[in-house]
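Secondary and tertiary structure notes
Residue-level listing of the chains:
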Amino acid sequence: MSKASHLKDIGLKATGPRLKILDLFEEADSGHMSAEDVYRKLLAENIDIGLATIYRVLTQFEQAGILVRHHFETGKAVYELNQGGHHDHMVCVSCGKVVEFFDAEIEALQNRIAEQHGYRIVDHALYMYGECPDCLGKTGRRG
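The following refers to the structure shown.

So, how was this worked out
- Residues numbered from 1 in each chain as written.
- Predicted model: local features only at pLDDT ≥ 70, side-chain atom pairs only at ≥ 80, totals over all residues.
- Heavy atoms only, no water.
- Buried < 20%, exposed > 50% of the residue type's maximum accessible area, 1.4 Å probe, protein only.
- Helix = DSSP H or I, 4+ residues; strand = E, 2+ residues; numbered from the N terminus.
- Pairing = 2+ DSSP bridges.
- 1 Å grid on protein atoms, 1.4 Å probe; cavity = no way out; pocket = protein on both sides within 12 Å on 5 of 7 lines; lining within 4 Å.
- Points joined across faces, edges and corners; volume = space filled by probe spheres on them.
- Nonpolar A, V, L, I, M, F, W, Y, C, P; charged D, E, K, R; others polar.
- Core = buried A, V, L, I, M, F, W, Y, C linked by side-chain atoms within 4.5 Å.
- Contact = heavy atoms within 4.5 Å.

Turning next to the pairing of strand β3 (residues 88–92). The buried fraction of β3 is high, at 4 of 5 residues. Of the pairings in the sheet, the one linking β3 to strand β4 (residues 98–101) comprises 4 bridges and is antiparallel in character. Bridged to M90 within β4 is V99. Hairpin connection from β3 to β4: 5 residues lie between these consecutive antiparallel strands, with G96 at a positive phi of about 85°. Note that β3 and strand β5 (residues 127–130) share 4 bridges and pair parallel. Bridging across to β5, C92 finds its partner in G130.

Written as structure tokens, this is what we have:
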């Protein structure tokens, strides 16, 4: 299925800005981008899409389930493609690098804790904040 067909299937016109923004997320190295990151990447490619349009497209993509929005402690929302699988995040408080991970033991522990309190988890998000190896190397600090 083409990207244009996919957008039409979820009720969005396949406009140039929407297709280009979707391309950026599919090609992104880190997978997590803010609206400002998208804007800078578009400018670097000499594509003039305004920041207001970018925010509007990101919101539409989030509402359609194409993107997932996260609010890390960096103070700004970041988005990633919704790949359908659950994962957690580690965020570097120095450089903002984000690492995705999945750990079955953590998932099992969360479920046990919920059961002990009479809860059934329907959704959750785990964000861990620290310093990445690169930033630790710059400061000489180790745990």
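On we go.
Below, the discussion takes up the layout of surface pockets. The volume enclosed by the largest pocket comes to roughly 330 Å³. When contributions to the lining of the largest pocket are tallied by element, the ones reaching two or more residues are β1 (67–71), β2 (77–81) and β3. Its residues assigned to classes, the lining of the largest pocket shows 6 nonpolar, 9 polar and 3 charged.

A few words on the nonpolar core. Proteins that are soluble and globular tend to have nonpolar side chains buried together. In terms of nonpolar packing, the biggest core is built from 20 residues, with I21, F25, V38, I54, L58, F61 and L67 touching the most fellow members. For this core, the secondary-structure elements that each account for two or more residues are α2 (16–27), α3 (35–44), α4 (51–63) and β2. Excluding residues that lie within four positions of it along the chain, I21 makes contacts with V38, L42, I54, V57, L58 and F61.

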